[in-house]
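Letter by letter, the chains look like this.
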Amino acid sequence: MIQEIIESIITLLVGAATFLVGMNLMSGGLKKSTGKSVKRLFKKTENNRFIGMGIGASATALIQSSAATSVMTIGFISAGIMTVFQGVSVILGAYLGTTVTGLLVSLSSLNISKYLLLVVVVGVVLMFFKKESLKNIGEILAGLGVLFVGLDLMKGAFPDGGELTNQVKSLFEIVKNPFLLLIIGALFTALVQSSSATSGIVIVMVGQNAIGLASGFYLVLGATVGTIITTVLAGIGGNTNVKRTIAIAFADRLVCALIGTIIVLICEEPFVNFFSSAFGTVQFGLAMFLVLYNILFMLLVAPFLKPIVAFFEKLIKDKDAEQKKNAIHFIDDRLLNSPSIAMEMVRKEVTNMLKESYANFKLGYEEIVNQNFESSKEIEEREESIDYVNNRLTEYLIQLSNKVSMKDEEMIGSYFHMVNDIERIGDHAVNFHEKAEKMSSDDLKFSDTAKNEFDIMNKVIDEMFNIVINNLETNHFENLPHLHDLEDQTDKLKLKLSDQHYDRITSKQCHIELSPFYSTFLSELERVADHLVNIGYAFVNPTGDEEVK
């Protein structure tokens, strides 16, 4: 008896593994054949919930993987291509699309199932062709055939009157609590990361009379909750919109499954009678139950989707957005009706933006020269703030330009150029940070001689920063000739220090591996000086022409 049970369990496990291999093989072929089409479908998603759901269902039915659909959707949301509303619509549709697998599995109850095994042969033959499209079709057919081989093996694990069949029957006679069955279905699906696999196994077990149809209802409802685990895994480390999407999808699956369980519990006998007789076989009846359940609850959720999204946007706050908003200190849309005050606030905001870029410049310089990485996170966070201020100031200046005098309009042109140059200084600081990390990973460090050379140029750039910041703070255009002279010094220093560096390489006093880092860093320092002179001269010329005295 024990040996028979062990053999049946091994047959079940091999069958389930074969089923999953077939699913993955078929899914892989479908992805290769339709992947680009699916991505084009996603990009056409509009703010119509039914279009989004239709696309999610179609894409999943095509590639036979709600996991792949969810992962692609999470990617689009993370990249900002999709909104939370659009993403949730697609993911909800994907859950409907995945029921196609259940329908395929239910075909194993028909007499034609044996003949479907022959598609493995056709698929394998096509996979040997050189033409990519034929190979993909072969992969799809082979996967479909292997899927039915797996189903056939799983059916063989539950023969009528078999020990495993009897043991499973006995178990599910004890485990009759619908909510416990729901949990079992959810946990098993989370474990195998495939609601299709869970549904397939349950359909086979119901067909072989190992479990009752009522238990099958609760188990597949649990599978609809467990399937969210793939979406959760795909969204780990995602942005706020990704977290909102996952939370909405999970809440929807859980609430709908609980409501579905209560409805089935109340109407259990009529449901069993209807689905066991209306569709020919209990296997097909269970598959159709899953299809109808997903359609019904998708239609019920659809009208409330926007309020649900709005609720979760309030519940899960965008901390990054709040931090970025805190980066704005002076400009305010309410001041746009007072142009003179708004112009003064712009000057202060631009000054503060330059100070932030200067702070990052110093930290980035410290990282690459001395490989001190204590401020890495600070550099990255400040760079995000600088980028936000850049965008916000640009929008503000566009709005303000329609409300000011001709003289102030010229100054707005100057501010546009200043903001652009300041943002580029911030980018150079991040470049220092990235190159420092690369040098550290390659175990490279600048020599003391090289550090002393960089410090010479850094002192000149420091003085330039102080001049430009002072001019912005006081709103006076002083020391511009001196600023120009300092920029000339950086140009000459770049040439001189480059020559000295190559002399050291020639005399083997310096590692040649350091040469690209030295040259690039020197060039970027010189470019920072160029940006500073542009900012300084933008006071008197919107184009930042440094020749204006």
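Up top is the structure these notes are about.
Every value quoted in this text rests on a predicted model; they were computed, and no experiment measured them.

What counts, and where the lines are drawn
Residues numbered from 1 in each chain as written. Predicted model: local features only at pLDDT ≥ 70, side-chain atom pairs only at ≥ 80, totals over all residues. Heavy atoms only, no water. Helix = DSSP H or I, 4+ residues; strand = E, 2+ residues; numbered from the N terminus. Buried < 20%, exposed > 50% of the residue type's maximum accessible area, 1.4 Å probe, protein only. Contact = heavy atoms within 4.5 Å. Polar contact = N/O pair within 3.5 Å; in protein donor to acceptor, adjacent residues only side chain to side chain. Core = buried A, V, L, I, M, F, W, Y, C linked by side-chain atoms within 4.5 Å. Phe/Tyr/Trp six-rings, centres within 6.5 Å; stacked < 30°, edge-to-face > 60°. Lys NZ or Arg CZ within 6 Å of the ring centre and 35° of its normal.

Trainee: Hey, could you run me through the side chain of Asn471 in this one?
Mentor: You can see Asn471 is positioned in helix H22 (residues 448–474). Taking relative accessible area as the criterion, Asn471 reaches 0% and is therefore assigned buried. Look past the residues within four positions of Asn471 in its chain and what remains in contact with it is His476, Phe477, Glu478, Leu480 and Phe539.

Trainee: Just checking my understanding: could you explain the environment of Thr520 for this structure?
Mentor: Note on placement: Thr520 falls in helix H24 (residues 515–537). Separated by 85 residues in sequence, Thr520 and Lys435 place their C-alpha atoms 9.3 Å apart. Engagement of the side chain of Thr520 in a polar contact is seen with the backbone oxygen of Pro516, the distance being 2.7 Å.

Trainee: Quick question: what am I supposed to make of unusual backbone geometry here?
Mentor: Peptide bonds are trans in most cases, and residues, glycine excluded, mostly fall at negative phi. Not every positive phi belongs to a glycine, and Gln371 is a case in point at roughly 50 degrees. With respect to the element layout, Gln371 can be found in the loop between helix H19 (339–370) and helix H20 (376–401). The phi angle at Asp443 is positive, at roughly 60 degrees, despite the residue not being glycine.

Trainee: Explain the nonpolar core to me, please; I cannot follow it from the model alone.
Mentor: Side chains of nonpolar character tend, in soluble globular proteins, to be buried together. Formed by 67 residues in total, the largest nonpolar core has its most connected members in Leu354, Phe446 and Phe454. When contributions to this core are tallied by element, the ones reaching two or more residues are H19, H20, helix H21 (406–441), H22, helix H23 (480–506) and H24. Per element, the largest residue contribution to this core is 12 residues, and it comes from H19. Residues in contact with Phe446, not counting those within four places in the same chain, are Ile368, Val369, Met439, Lys451, Phe454, Leu514, Phe517, Tyr518 and Phe521. Within the second largest apolar cluster, 53 residues are counted, among which are Ile203, Phe275, Met298 and Ala302.

Trainee: Help me understand the packing of aromatic side chains in this model?
Mentor: For any pair of aromatic rings, geometry is given as the distance between the ring centres together with the angle between the planes. Enumeration over the complete set of coordinates arrives at 23 aromatic pairs. Judged by centre distance (6.0 Å) and plane angle (80 degrees), the ring pair of Phe279 and Phe284 falls under edge-to-face. Its relative accessible area of 22% is what places Phe279 among the partly exposed residues. Judged by centre distance (5.0 Å) and plane angle (70 degrees), the ring pair of Phe446 and Phe454 falls under edge-to-face. The residues Phe446 and Phe454 share a single accessibility class, namely buried. The ring of Phe85 carries the charged tip of Lys306 above its face, separated from the ring centre by 5.4 Å. Positioned above the aromatic ring of Tyr358, the side-chain terminus of Lys362 is 4.4 Å from the ring centre.

Interpretation in functional terms is not warranted from these geometric data alone.
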